[in-house]
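Topology and contacts: notes
Chain residues, written in single-letter form:
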Amino acid sequence: MKINRHLTLDFSLLILLILFGTYLALTSGYGSDEDTLPMIGVFQGILKNGIVMSSRFTGYPVPELGIGFLAHNFGSWATNLATFSFFIAGIIFFYLALNRNIIFQNCVTFLLLCLTSPILFFDNIEPIDYSWAFLFFSMGLFCLKKKFFEFSVLFFGLCIGTRINFTPFILASIYLFDYGQHITLKRKTGLFLCSFIIGGLFYLTIWYQNHFGLEWLTSARPVNQGLFGLLSRFTYKTILAIGPIFFIFVIGLFLKKRNYLKKFENFNLVAFIILLNLLIFIYIPAEMSYLQPMLICLFFFLNKVFSKKVIYILIFINLFSWFIDISFLKINY
């Protein structure tokens, strides 16, 4: 009865968060992300003038078409709701893919950790492409688990076509995933090459427009302050993304549980995704939403390692940060 009572409370909080997120998605317009309008502009340019352009440096063809289509035909509520729905679905598929034994209550607490994170929750109620990429990535992982290799290649290709910086995550996933049986290196290499080629097809147009050059594979890095500036931005924004109080709490807990972590299936994969995401963020420490895969993987570990009592404390700390903004540095631009 005690477990059932806890599950009821967990599920009730989860439903409230989803309803609140849905309400915000339906009423918040196009949000404040500076990439939203350029993505919609790409779709409208193709539709009205037959002109193909890129919303940013590399371009993100799948969300440019998907978000543009929803915005053009239905408006902001549809784009926001799709983004928020993809975010939740991506978390669920990620949990299902990386666990052999599915425990409903553990899935619910994992969702609660993710949905109470301010970065994950509020950034995914407006039309951005992170949740689109993570959904395709998680569905690819789920298909690997089920041995649906052709579908995994398709979803990984869509993921690359959504955000090309997910390519390292896909590479790590194919080679490090615990398939439950022996998969040859040759087969894994074939899976990655097929995924990479399918994803690369989305970028043919911009490749042609750049005369077969690769100059478009770039980004607006904040390098005006040199290496010190990059490392400072990386450190400060990473702590803010996790949450200063949450960060201190987690560091202490991990020091106590570090030897226990390695016992879990797919530990190497999840740890490598965190590492890769942090390395990418060191290279371009711009928007904190770049750290979404790292945050989801971190919460996955926490949900695996710690008791429900500790998880509830972490959920409370996340919710507390919704109302109290702890910015421990004053930044002058």
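Please refer to the structure higher up on the page.
Predicted, not measured: the structure shown is a model, and the values here were computed from it.

Cut-offs applied
- Residues numbered from 1 in each chain as written.
- Predicted model: local features only at pLDDT ≥ 70, side-chain atom pairs only at ≥ 80, totals over all residues.
- Heavy atoms only, no water.
- Patch = residues over 30% accessible without salt bridge, like charges linked within 9 Å, V, L, I, M, F, W, Y side chains within 5 Å.
- Areas by Shrake-Rupley, 256 points an atom, 1.4 Å probe, with all protein chains shown as cover.
- Salt bridge = Lys/Arg side-chain N within 4 Å of Asp/Glu carboxyl O.
- Helix = DSSP H or I, 4+ residues; strand = E, 2+ residues; numbered from the N terminus.
- Buried < 20%, exposed > 50% of the residue type's maximum accessible area, 1.4 Å probe, protein only.
- Core = buried A, V, L, I, M, F, W, Y, C linked by side-chain atoms within 4.5 Å.
- Expected span 1.5 Å × (residues − 1).
- Contact = heavy atoms within 4.5 Å.
- Polar contact = N/O pair within 3.5 Å; in protein donor to acceptor, adjacent residues only side chain to side chain.
- Phe/Tyr/Trp six-rings, centres within 6.5 Å; stacked < 30°, edge-to-face > 60°.
- Axes fitted to C-alpha atoms, helices over the stretch in contact; angles between N-to-C directions.
- Parallel < 35°, antiparallel > 145°, perpendicular 65-115°, else oblique.
- Left-handed = near helix turned anticlockwise from the far one by under 90°.
- Nonpolar A, V, L, I, M, F, W, Y, C, P; charged D, E, K, R; others polar.

Next up on the list: a nonpolar patch on the surface. A cluster of nonpolar residues, Leu176, Leu227, Leu231, Phe272, Leu275, Leu279 and Ile282, forms a patch on the protein surface that exposes about 600 Å² of accessible area. Listing elements by their share of the nonpolar patch, those giving two or more residues are α12 (226-242) and α14 (267-283). The biggest single contributor to the nonpolar patch is α14, with four residues. With respect to the helices and strands, Phe272 occurs in helix α14. Classification of Phe272 by relative accessible area gives partly exposed; the value is 36%.

Our next topic: unusual backbone geometry. Phi is positive for Lys147, close to 65 degrees, though the residue is something other than glycine. Tracing the backbone through its elements, the reader meets Lys147 in the loop between α7 (130-145) and α8 (149-162). When its relative accessible area of 28% is taken as the criterion, Lys147 is described as partly exposed.

Scanning the model with the defined rule gives two salt bridges in all. In this structure, Asp178 engages Arg100 in a salt bridge whose closest nitrogen and oxygen atoms are separated by 2.7 Å. With Asp178 in the loop between α9 (167-176) and α10 (185-201) and Arg100 in the loop between α4 (76-98) and α5 (104-115), the pair connects residues that are 78 residues apart, well separated along the chain. Of the charged contacts in the structure, one is a salt bridge between Asp129 and Arg163, with a shortest N-O distance of 2.7 Å.

Right, let's get into the nonpolar core. In globular proteins that are soluble, nonpolar side chains generally tend to be buried together. Ranked by internal contacts, the top residues of the largest apolar core, which has 88 residues, are Phe94, Phe110, Phe137, Phe299, Leu302 and Leu314. Counting eight residues, the second-largest nonpolar core is a separate cluster that includes Ile40, Ile67, Ala78 and Trp132.

Before going further, it helps to examine helix α2 (residues 36-49). Helix length check: α2, at 14 residues, gives a terminal C-alpha distance of 20 Å against a target of 20 Å (1.5 Å per residue), a fit within 8%. Residues of α2 that are buried: Thr36, Met39, Ile40, Gly41, Val42, Phe43 and Gly45. Here the buried face of α2 lies against α3 (61-73). At the exit of α2 stands Gly50, carrying a positive phi of roughly 65 degrees.

With twelve residues, α5 should reach 16 Å at 1.5 Å per residue; the first-to-last C-alpha distance of 16 Å fits that figure. For α5, the buried fraction is high: eleven of the twelve residues fall into the buried class. Buried within α5 are the following residues: Gln105, Asn106, Cys107, Val108, Thr109, Phe110, Leu111, Leu112, Leu113, Cys114 and Leu115.

Here Thr116 is to be found in the loop between α5 and α6 (118-123). Using a relative accessible area of 0% as the deciding quantity, one classes Thr116 as buried. Within the local environment of Thr116, its side chain forms a polar contact with the backbone oxygen of Leu112, the two atoms lying 2.7 Å apart. Within the structure, the side chain of Thr116 is placed 3.2 Å from the side chain of Asn318, a separation counted as a polar contact. The residues contacting Thr116, other than those within four sequence positions of it, are Leu17, Ile315, Asn318, Leu319 and Trp322.

The next thing to look at is the packing of aromatic side chains. The geometry of an aromatic ring pair is captured by two quantities: the separation of the ring centres and the angle between the planes. Under the criterion given, the structure shown has 33 aromatic pairs. Seen from their ring centres, Phe137 and Phe166 are 6.0 Å apart, and the 65 degrees between their planes marks the pair as edge-to-face. With a gap of 29 residues between them, Phe137 in helix α7 and Phe166 in the loop between α8 and α9 connect regions that are remote in the sequence. Residue Phe137 is classed as buried on the basis of its relative accessible area of 2%. Taking the relative accessible area as the measure of exposure, Phe166 reaches 3% and is therefore buried. When the centroid spacing of 5.4 Å and the interplanar angle of 80 degrees are considered together, the rings of Phe177 and Tyr179 count as edge-to-face. By the burial criterion, Phe177 is buried, and Tyr179 matches it.

For the rest of this paragraph, the subject is the packing of α5 against helix α16 (residues 308-323). When two helices pack together, their arrangement is given by the angle between their axes and by how far apart the axes lie. Contact geometry of α5 with α16 gives a least axis separation of 9 Å together with a crossing angle of 25 degrees. As the angle between them shows, α5 and α16 are arranged roughly parallel. Regarding α5 and α16, the two cross each other, and that crossing is left-handed. When α5 is examined against α16, the residues Gln105, Asn106, Thr109, Leu112, Leu113 and Leu115 are found in contact with a partner set consisting of Lys308, Ile311, Tyr312, Leu314, Ile315, Asn318 and Trp322. Considered class by class, the residues forming the contact of α5 with α16 number eight nonpolar, four polar and one charged.

For the rest of this paragraph, the subject is the packing of α12 against α14. Taken N-terminus to C-terminus, the directions of α12 and α14 make an angle of 130 degrees; their axes are 8 Å apart at the nearest point. On the basis of their axis angle, the class for α12 and α14 is oblique. Of the residues in α14, those touching α12 at Leu230, Leu231, Phe234, Lys237 and Thr238 are Leu278, Phe281, Ile282 and Tyr283.

Below, the discussion takes up the environment of Tyr203. Within the element layout of this structure, Tyr203 appears in the loop between α10 and α11 (204-209). In the structure, Tyr203 is positioned 171 residues away from Ser32 in sequence and 27 Å away in space, judged by C-alpha atoms. Those residues in contact with Tyr203 that sit more than four places away from it in its chain are Thr58, Gly59, Pro61, Ile160, Gly161, Thr162, Arg163, Ile164 and Trp216.

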